[in-house]
Amino acid sequence: MGPAAVNPVRILVVDDDPGDVLMIEEALADSEIEKVIDVVNDGQEAMEFLRQEGRHTEARRPDVILLDLNMPRMDGRQVLGEVKRDEDLRTIPIVVLTTSNADNDIVGSYTLQANAYVTKPIDLDDFNDVVRRIDEFFGRVVVLPKRS
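Treat the numbers as computed from the prediction; the structure is a model and nothing was measured.

(A) Structural context of the packing of aromatic side chains. One pass over the structure, following the stated rule, counts 1 aromatic pair. Seen in terms of ring centroids, Phe 137 and Phe 138 are 5.2 Å apart; in terms of plane orientation they differ by 85 degrees. Their pairing is edge-to-face. The buried category is assigned to Phe 138, whose relative accessible area is 9%.

(B) Layout of the pairing of strand β3 (residues 64-67). Alternating positions in β3 separate into two faces, Val 64 and Leu 66 on one and Ile 65 and Leu 67 on the other, with burial throughout. In this structure, strand β1 (residues 9-14) lies alongside β3, joined through 4 bridges in parallel fashion. In the strand pairing of β3, Leu 12 is matched with Ile 65. With 3 bridges joining them, β3 and strand β4 (residues 94-98) adopt parallel strand pairing. Along β4, the bridge assignment pairs Leu 66 with Val 95. For the handedness criterion, the β-α-β arrangement of β3, helix α4 (residues 76-85) and β4 is classed as right-handed.

(C) Just the sheet that holds β1, in detail. The sheet built from 5 strands is open, its strands ordered β2-β1-β3-β4-β5 with parallel pairing. Single-partner strands in this sheet number two, and they are β2 (35-40) and β5 (116-119). Within this sheet the neighbouring strands show an average axis-to-axis angle of 20 degrees, counted without direction. Pairing between β1 and β2: 6 bridges, direction parallel. Bridge pairing in β2 links Val 14 to Val 40.

(D) Region of interest: the nonpolar core. Counting residues in hydrophobic clusters, the biggest one holds 22 residues, and the most contacted among them are Leu 12, Val 14, Met 47, Leu 50, Ile 65, Leu 67 and Val 83. Of all elements in the fold, only β1, α3 (43-51), β3, α4 and β4 reach the threshold of two or more residues within this core. Of the residues forming this core, the biggest block, 4 residues, is contributed by α3. Residues contacting Met 47, with those up to four places away along its chain left out, are Met 74, Val 79, Glu 82, Val 83 and Leu 89. Counting 20 residues, the second largest nonpolar core, distinct from the first, contains Ala 27, Leu 66, Phe 127 and Phe 138.

(E) Seen up close, the packing of α3 against α4. At their nearest, the axes of α3 and α4 sit 9 Å apart, and the two run at 20 degrees to each other. In terms of their interaxial angle, α3 and α4 are classed as roughly parallel. The interaxial crossing formed by α3 with α4 has right-handed handedness. Across the interface between the two elements, Gly 43, Met 47, Leu 50 and Arg 51 of α3 pack against Val 79, Glu 82 and Val 83 of α4. Of the residues in the contact of α3 with α4, the class split is 4 nonpolar, 1 polar and 2 charged.

How each quantity is defined
- Counting restarts for each chain, with residues numbered from 1 along the sequence as it is written.
- For a predicted model such as this one, the threshold for reporting local features is a pLDDT of at least 70, and the threshold for listing and counting side-chain atom pairs is 80 or more; totals across whole chains, interfaces and linings nevertheless cover every residue.
- No hydrogens and no water enter the side-chain calculation; it runs on all heavy atoms of the structure.
- Whether two aromatic rings pair depends on their centres lying within 6.5 Å, for rings of Phe, Tyr and Trp, where Trp uses its six-membered ring; planes under 30 degrees apart make the pair stacked, over 60 edge-to-face, and the rest tilted.
- Note on classification: 1.4 Å probe, protein chains only; a residue is buried when its accessible area is under 20% of the maximum for its type, exposed when over 50%, partly exposed between these limits.
- Helix and strand definitions here come from DSSP, where helices need a minimum of 4 consecutive H or I residues and strands a minimum of 2 consecutive E residues; each element is numbered from the N-terminal end.
- DSSP-based pairing: two strands are paired if at least 2 bridges between them are found.
- Here the term right-handed applies to a crossover when the path leading from its first strand over the helix to its second strand runs clockwise, the strands being oriented away from the viewer.
- Only the stretch in contact is used when fitting a helix axis, every axis being a line fitted to C-alpha atoms; angles between N-to-C directions are given from 0 to 180 degrees.
- Think of a nonpolar core as a cluster: buried Ala, Val, Leu, Ile, Met, Phe, Trp, Tyr and Cys residues, connected wherever their side-chain atoms sit within 4.5 Å.
- Pairs of residues are marked as contacts when any of their non-hydrogen atoms sit within 4.5 Å.
- Orientation categories follow fixed angle ranges, with anything under 35 degrees roughly parallel, anything over 145 roughly antiparallel, 65 to 115 roughly perpendicular, and all other angles oblique.
- Note on convention: near helix rotated counterclockwise from far helix by under a right angle means a left-handed crossing. Clockwise means right-handed.
- When residue character is reported, Ala, Val, Leu, Ile, Met, Phe, Trp, Tyr, Cys and Pro are called nonpolar, Asp, Glu, Lys and Arg charged, and the others, Gly included, polar.

Given below as structure tokens:
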């Protein structure tokens, strides 16, 4: 086992749709890249997780965040804005993974410094393929910032 076994990629999935979360988890589990997946169901909980507050005092800093836009309490746009304004958190890459392909959501996400914007495909095979490509890209191709 190489260094990947020592340092699994930590992925935080922020999505309120249990079906989508399950599909994301299954697609990620299919790859050989060692990873730890954490899931939170809305933006408010995402911020608590990232700041190690509330019931997330033991949370580990993710290497990459998969972020849905449309969620209750605090949506993905607000999370994106808050993370990228935070000195400690702003270096975590964020992939917006959402059903919306509206221009204002796309432009708005990049304006808020999303690292990538991916539309969730309706077809299950396409959905799996997209998630696996994100996993491959961030798990193998990209050099991620070291965790402090």
